[in-house]
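A closer look at the structure
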Amino acid sequence: MPKAKQSKRRKQYDYNLDRKKLKKKFKKKIAPRIEHPQIRNAWEDHKSTSTNLLEMGLSFDPNRTLPIKKQTLPGQKHRDKPPERVVTKPYIISKLQEEASLPEKDTKTLSSDLIEYVQHMIREHHDDHKAMARDEKNYYQDTPKQISRKISEYKRCHPQHYEAFIRSLAAP
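Keep in mind the model is a prediction, meaning the values are calculated, not measured.

**Focus on the overall build of the chain**
Broken down by element type, the chain carries ten helices and zero strands. In the chain, the order of α-helices and β-strands from amino to carboxyl end is α-α-α-α-α-α-α-α-α-α. In terms of overall dimensions, the chain is more spread out than a globule: its C-alpha atoms have a radius of gyration of 31 Å, far above the 16 Å expected for 172 residues. Burial status across the chain gives 18% buried among its 172 residues. Within the chain, contacts between residues at least 6 apart in sequence are counted, and of these 49% link residues at least 24 apart.

Below you can see the structure in the form of structure tokens.
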């Protein structure tokens, strides 16, 4: 079979390419930026990824770290476990555990329109979800169950606002 025309041609140096940018691009691909500050500070560039992670006490390959145990027959001997790796940077594990143990803040909020809608429905109809579904402000024709879900979402996302709103309704 004949060869393609392009492959016969001699490679020419491309003067329009910025070699410095290309090198930076390849470096980024090979060594991406590590987001976690403790891991980034403890990382040693001249070592491999697996060696770095093993020194920190982290796993590079979870299949190797926690292998699936093979079933043994009653007459067979059990294999000894391989010796555990020595962790030279245990402070990284402790920092990661501290971060993981911190309670996560619920950042979900509701739009001001939805809060206003829910407050209007509670102000007008209290706990009657069927009446809320028939209300003229129910533009999107929400079902009683959808409205009750929106109210419970408002209670969950803004508990202090909800308590203050209920107290203001009971006050007059």
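Now that the structure has been shown, we can carry on.
**Thoughts on the domain arrangement of the chain**
We note that the domain assignment places domain 1 (23–66 + 82–101) and domain 2 (112–170) within the chain. Once you take the C-alpha centre of each, domain 1 and domain 2 turn out to be 49 Å apart.

**Re the packing of helix α7 (residues 112–125) against helix α10 (residues 159–170)**
Where α7 meets α10, the axes come as close as 11 Å, and the angle between the chain directions of the two elements is 30 degrees. One way to sum up the angle between α7 and α10 is to call them roughly parallel. Between α7 and α10 lies a crossing whose hand is right-handed. When α7 is examined against α10, the residues Q119, I122 and R123 are found in contact with a partner set consisting of Y162, F165, I166 and L169. Of the residues assigned to the contact of α7 with α10, the class counts are five nonpolar, one polar and one charged.

**With respect to the side chain of N138**
Counting through the fold element by element, N138 comes out in the loop between α8 (129–134) and α9 (144–157). Apart from the residues lying within four places of it in its own chain, the contact partners of N138 are Y117, M121, M132, A133 and I147.

**Overview of the pattern of salt bridges**
This model, assessed by the stated rule, comprises seven salt bridges. A salt bridge links K47 to E55; the nearest nitrogen and oxygen atoms lie 2.6 Å apart. Accessibility expressed as a relative area gives 14% for E55, which makes it buried. A salt bridge links E153 to R156; the nearest nitrogen and oxygen atoms lie 2.9 Å apart. Here the residue E153 and the residue R156 both occupy positions in helix α9, the gap between them amounting to three residues, near one helical turn. The class for R156 is partly exposed, based on a relative accessible area of 44%.

**Re the packing of aromatic side chains**
The final tally for this structure, using the stated rule, is two aromatic pairs. Measuring from ring centre to ring centre gives 5.9 Å for Y154 and Y162, while their planes differ by 80 degrees; the resulting arrangement is edge-to-face.

**Concerning the nonpolar core**
Within the largest apolar cluster, 13 residues are counted, with the highest numbers of intra-cluster contacts made by V118, I122, I151 and Y154. Those elements that provide at least two residues to this core are α7, α9 and α10. Per-element accounting of this core gives the leading share, five residues, to α7. Those residues in contact with V118 that sit more than four places away from it in its chain are K150, I151 and Y154.

**Brief notes about the environment of P144**
Here P144 shows up in helix α9. Distance from P144 to G57, taken between C-alpha atoms, is 53 Å for residues 87 residues apart in sequence. Sequence-distant contacts of P144, that is, excluding residues within four places in its chain, are made with H129, K130 and A133.

**Some details on helix α4 (residues 49–56)**
Of all the residues in α4, the buried ones are N52, L53, E55 and M56. Projected down its long axis, α4 carries its buried residues within an arc of 160 degrees, all on one side.

**Side note on the packing of α9 against α10**
Between α9 and α10, whose axes approach to 5 Å, the crossing angle comes to 110 degrees. With respect to their mutual orientation, α9 and α10 come out roughly perpendicular. Between α9 and α10, the contacting residues are Y154, K155, R156 and C157 on the first element and P159, H161, Y162 and F165 on the second.

Analysis parameters
Residues numbered from 1 in each chain as written. Predicted model: local features only at pLDDT ≥ 70, side-chain atom pairs only at ≥ 80, totals over all residues. Heavy atoms only, no water. Helix = DSSP H or I, 4+ residues; strand = E, 2+ residues; numbered from the N terminus. Rg over C-alpha atoms; globule rule 2.2 N^0.38 Å. Buried < 20%, exposed > 50% of the residue type's maximum accessible area, 1.4 Å probe, protein only. Contact = heavy atoms within 4.5 Å. Domains from an automatic or database assignment. Axes fitted to C-alpha atoms, helices over the stretch in contact; angles between N-to-C directions. Parallel < 35°, antiparallel > 145°, perpendicular 65-115°, else oblique. Left-handed = near helix turned anticlockwise from the far one by under 90°. Nonpolar A, V, L, I, M, F, W, Y, C, P; charged D, E, K, R; others polar. Salt bridge = Lys/Arg side-chain N within 4 Å of Asp/Glu carboxyl O. Phe/Tyr/Trp six-rings, centres within 6.5 Å; stacked < 30°, edge-to-face > 60°. Core = buried A, V, L, I, M, F, W, Y, C linked by side-chain atoms within 4.5 Å. Arc of directions from axis to C-beta.

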